[in-house]
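Structural overview
Letter by letter, the chains look like this.
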Amino acid sequence: MLTLTHFLVLAGLLMSIGLAGIFINRKNIIILLMCVELILLAVNLNFIAFSHYLGNVEGQIFVFFILTVAAAEAAIGLAILVVLFRRRQSINVDELDSLKG
Amino acid sequence: MSVTPDLLPATAEIFVLIMTCIILVVDTFTPEKYRASSYILTQGTLLGALLITIGLYTEQSIVTFHNTFILDPLASMLKGIIYIVVFAVLIYSKHFLQQHKMFKGEYFVLMLASVLGMMVMVSAYSFVTLYLGLELLSLSLYAMIAMQDQAKSAPEAAMKYFVLGAMASGLLLYGMSMIYGATGTLHLAEIQTNILDKFETHSLLLSFGLVFIIVAVAFKLGAVPFHMWVPDVYHGAPTAVTIFIGSAPKIAAFAMLFRLLVDGLESLHTSWQDILIILAILSMAVGNIIAIAQTNIKRMLAYSTVAHVGFILLGILSVSQSGYSASMFYTITYTIMAVGGFGMVLLLSHKGFDAERISDFKGLSTRAPWFAVMMMIFMFSMAGVPPFLGFWAKLLVLKAVVVEADMVWLAAIAVFFSIIGIFYYLRIIKFMFFDKAEDSEHLTITQGMAVTMSINGVVVLLLGLYPGILLTYCVQAITHVIQ
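Residues numbered from 1 in each chain as written. Chains lettered and ligands numbered in written order. Predicted model: local features only at pLDDT ≥ 70, side-chain atom pairs only at ≥ 80, totals over all residues. Heavy atoms only, no water.

1. Observations concerning the overall build of chain B
The cut-off we apply is this: In this text, helices come from DSSP runs of H or I with a minimum length of four residues, and strands from runs of E with a minimum of two, each type numbered from the N-terminal end. The classification of residues rests on relative accessible area computed with a 1.4 Å probe and restricted to protein chains. Under 20% of the type maximum is buried, over 50% is exposed, and intermediate values are partly exposed. Between two residues, a contact is recorded if the distance between any of their heavy atoms is within 4.5 Å. Computed with a 1.4 Å probe, the accessible areas rest on the Shrake-Rupley method; for each residue, only the protein chains presented here act as cover. In summary, the charge assignment counts Lys and Arg as positive and Asp and Glu as negative, without counting His or the chain termini. Charge positions are represented by NZ for Lys, CZ for Arg, CG for Asp and CD for Glu.
Counting secondary structure elements, chain B contains 20 helices and two strands. For chain B, the spread of C-alpha atoms along the principal axes amounts to about 70 × 60 × 40 Å. The burial tally for chain B puts 66% of its 483 residues in the buried class. If you take every contact in chain B between residues at least 6 apart in sequence, the share linking residues at least 24 apart comes to 81%. For chain B, the accessible area works out to roughly 16,400 Å², and carbon and sulfur atoms hold 70% of it. Between the averaged position of the 23 positive side-chain charges in chain B and that of its 26 negative side-chain charges there is a distance of 12 Å.

2. Things to note about the overall build of chain A
Condition: Atoms counted for the radius of gyration: C-alpha only. Globule rule: 2.2 Å times the number of residues to the power 0.38.
A tally of helices and strands in chain A yields three helices and zero strands. Taken from N to C terminus, the helices and strands of chain A fall in the order α-α-α. Rg of the C-alpha trace for chain A: 17 Å, well past the compact-globule value of 13 Å for 101 residues, more than 25% over. Taking the principal axes of the C-alpha coordinates as reference, chain A spans close to 50 × 25 × 25 Å. When the 101 residues of chain A are sorted by exposure, 41% land in the buried category.

3. Thoughts on helix 12 (residues 269–292) of chain B
All names here are of chain B. Rule in force here: Here the expected length of a helix is defined as 1.5 Å per residue gap, with one fewer gap than residues.
With 24 residues, helix 12 extends 34 Å from end C-alpha to end C-alpha; this agrees with the ideal 34 Å at 1.5 Å per step. Those residues of helix 12 not exposed but buried are Trp272, Gln273, Leu276, Ile277, Leu279, Ala280, Ser283, Met284, Ala285, Gly287, Asn288 and Ala291. If you follow the buried residues of helix 12, they end up packed against helix 8 (203–221), helix 11 (248–264), helix 13 (297–317), helix 14 (321–348) and helix 18 (408–434).

4. Structural notes on the interface of chain A and chain B
Note the following rule: The term buried area refers to how much accessible surface (probe radius 1.4 Å) is lost by two components on association, counted for both of them together. Salt bridges are identified by distance alone: a Lys or Arg side-chain nitrogen within 4 Å of an Asp or Glu carboxyl oxygen. Residues adjacent in sequence count toward polar contacts only when both atoms are side-chain atoms; beyond that, a polar contact is any pair of N or O atoms within 3.5 Å, and within protein one must be able to donate a hydrogen and the other to accept it. Residues are grouped as follows: Ala, Val, Leu, Ile, Met, Phe, Trp, Tyr, Cys and Pro are nonpolar; Asp, Glu, Lys and Arg are charged; every other residue, Gly included, is polar.
In this assembly, 41 residues from chain A lie in contact with 43 residues from chain B. When the buried surface of chain A facing chain B is broken down by residue, Phe62, Ile80 and Leu99 of chain A rank first, second and third, together holding 19% of it. Joining chain A to chain B, the criterion identifies one salt bridge. A salt bridge links glutamate 156 of chain B to arginine 88 of chain A; the nearest nitrogen and oxygen atoms lie 2.7 Å apart. Summed over the shared surface of chain A and chain B, the number is eight residue pairs in polar contact (both at pLDDT 80 or more). Listed by contribution, the elements that provide at least two residues to the side of chain A that touches chain B are helix 1 (4–24), helix 2 (29–54) and helix 3 (58–88) of chain A. For the side of chain A that touches chain B, the element with the most residues is helix 3 of chain A, which contributes 16 residues. Per-class residue counts for the side of chain A that touches chain B are 27 nonpolar, eight polar and six charged.

If you want it as structure tokens, here you go:
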């Protein structure tokens, strides 16, 4: 029998993987974008689990909004990535270091 | 419950949305030499929205769209300030945009879209509207930074802002899902009523949610230790975008902080007060100390923003009516000063030269004495020297901390760090008045810019002499929400 806790733990794990990916990854910006998506999907799982166990549909409606915004976010992220690549011929995270101080 | 919501309270938002679409279409069909038409239409939209918001002003709270949208004095007032600030930002940045090939319809459309996002955030009464407004604002800002493809550092700044901003939104949503799980609702008013009886059974879930929400809001405001993006983005973005990011979104971020922590989660204030104290102290310390070491004016102003955010948090954490209104007063004051300060950087820039180094201000008093005086007013005001506006903002916040929260030690720390902060503001004044100019090129200052800058400076001085005018409105707006 699956309980609410199972879902929450899974969402928590996905969230942690996403956050860890953002901080540990030093190679490729596309992986950063994937981590951001993973975080948002973990949140969606959380909302749906709560919504189901509370018997309240609002959470599921919110998930539709989050999915839509996540799609727009991914589009803008990739667009910025293209601009960045044109400027530097590289999408290495370590080379994003011209701004500091 | 009727199916069609009452649209009247959201007229201003609907107007801005329609005008954004119209400008997008008009811009596509106008030839290059009439490009200014989009600029004028944008200015017109802001003025129109201001008139609508003033016309709709009521003393009551009107809730619509199935309890997800609220129109109250706080929302009306913050929206009004947002329009005025963005109006000034557009005038300051026009010249810069034309010289950097950014004077395009897309820029104005993105700007109006982010204004719409801020309006929705300010009027949000549920997690859904708050999140949608926030994302509309952030997504437009990411695109605006990356728009200028000639700039070397702009794409890098955009990418940093994007990754950290998206992560912060994720954290915010995660926190919201926890609160939703504990209280079973997404509406701020219902959360406020439900939270008290859930506190016993779901205290762990609620505290988790609260921490995630505070971390996310601290990211958006730029409070230490979540401030890493602020200096990089301010520095890397084209100056015309920096002035925009540095001003109006701060008001929206304040609204978000207020709606979440005070409107929604005030019952948990014993938990969030301590977190905010740490954030505030760190922000004031790191902001003021690191700003001293900067040689780039945009970076210096970025760290000064971080320090000011510390003060804004001080007002909120005193958990009292006067504290909230002091915090609101501080946010508005800061925005007015920041627009002026960044506006001066735009004013000194000319073709092929961005006045980004602090030393570019050397000898300004001989090149443009009137504007040197204006810059002096902004710097004195940011430092908190009486009788300028910034002094009253600091005084009110400190008074709330001492009188309402009874934390004299905290006020003493705040004063200590502001005194450190005075150093780097005074250094600019010293450069302007006592050093020789390195750059002797004639300044091209457009008339609109000169007039707006003068009004901006005079407002900082006059509101400093009569702070009651602005303060009364802030107190009224907050009193109305609290009861």
